[in-house]
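So you can see what is in the structure, the chains are spelled out below.
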Amino acid sequence: MTPSWTLRRLQTVDDDQIDGLASVLIDCVEGGASVSFMHPLTRERAAAFWRTVARGVAAGERALIVAEDADGICGTVQLIFDLPENQPHRGDLAKMLVHRRARRQGLGAALMKAAEATARECGKTLLVLDAVTGGDAERLYARLGWVRVGVIPGYALMPRGELCSTTVFYRNLAS
Ligand SMILES: CC(C)(COP(=O)(O)OP(=O)(O)OC[C@H]1O[C@@H](n2cnc3c(N)ncnc32)[C@H](O)[C@@H]1OP(=O)(O)O)[C@@H](O)C(=O)NCCC(=O)NCCS
């Protein structure tokens, strides 16, 4: 079946795209995802976050991939390359977000594959991420072959205040 979205890497991020990315982030936080922000997340705070990301993209410190459907941006993932000088081969995978309207159709997996391909194109051989233990994302990463390192108990808060643990994963792109 042909997917209902298209994926692309943004080299610059305009105001409409910041608005679309803010909508995806707000939807994920409303839906209970632990992705750095507490509920309720205002549009202003969400847009401010994406403006900071946009500056990182323009500076070459981050790669930003977005998925778009008929209603606009419906998913996104980032690679952070702004790391210490002794880790030039490595990237952190972050802010993997799929709007609830687009979930469970394979978009999460497609974004991960696109991020891995982008990392390879950028000469990276090792990716690291963490995900809420027991959540949808943890299952996705394990299914795609990421290696589970371990669990850090009580690592962060869910958007409505309860503590959650995080599972750290890595992916060796050289093998
Ligand atoms: C985690 C997340 C990114 C997954 O996105 P997604 O687009 O739903 O991911 P996929 O569609 O690839 O896979 C999700 C499930 O749908 C299933 N699926 C995929 N394609 C499908 C299809 N065509 N029909 C039915 N099911 C399908 C997958 O098998 C998977 O099943 P599982 O959850 O039982 O393991 C999404 O839930 C999300 O954004 N969550 C909130 C933010 C978050 O927690 N981000 C992670 C930060 S680390």
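Above this note sits the structure.
Here we summarise the structure given alongside this text. Predicted, not measured: the structure shown is a model, and the values here were computed from it.

## Quick word on the environment of Ala 46
Within the secondary structure, Ala 46 is located in helix H2 (residues 43–58). The exposure class of Ala 46 is buried, given its relative accessible area of 0%. Distance in space between the C-alpha atoms of Ala 46 and Asn 86 is 32 Å, their sequence separation being 40 residues. Among residues more than four places away in sequence, those in contact with Ala 46 are Ala 22, Leu 25, Ile 26 and Leu 41.

## A closer look at the packing of aromatic side chains
Summed over the entire model, instances satisfying the criterion amount to 4 aromatic pairs. Ring geometry for Phe 37 and Phe 49: centres 5.4 Å apart, planes at 80°, overall edge-to-face. Here Phe 49 lies in helix H2 and Phe 37 lies in the loop between helix H1 (15–30) and H2, a separation of 12 residues in the sequence. For the pair formed by Phe 37 and Phe 49, the shared burial category is buried. Arranged with centres 5.9 Å apart and planes meeting at 75°, the rings of Tyr 141 and Phe 169 form a pair that is edge-to-face. Taken together, the positions of Tyr 141 in helix H4 (residues 136–143) and Phe 169 in strand S7 (residues 163–172) put the pair 28 residues apart, joining distant regions of the chain. The residues Tyr 141 and Phe 169 share a single accessibility class, namely buried. Put simply, the rings of Phe 37, Phe 49 and Trp 50 pair up and form one aromatic cluster. Against the face of Phe 81 rests Lys 124, its NZ or CZ located 4.9 Å from the ring centre.

About the thresholds
- Residues numbered from 1 in each chain as written.
- Predicted model: local features only at pLDDT ≥ 70, side-chain atom pairs only at ≥ 80, totals over all residues.
- Heavy atoms only, no water.
- Helix = DSSP H or I, 4+ residues; strand = E, 2+ residues; numbered from the N terminus.
- Buried < 20%, exposed > 50% of the residue type's maximum accessible area, 1.4 Å probe, protein only.
- Contact = heavy atoms within 4.5 Å.
- Phe/Tyr/Trp six-rings, centres within 6.5 Å; stacked < 30°, edge-to-face > 60°.
- Lys NZ or Arg CZ within 6 Å of the ring centre and 35° of its normal.

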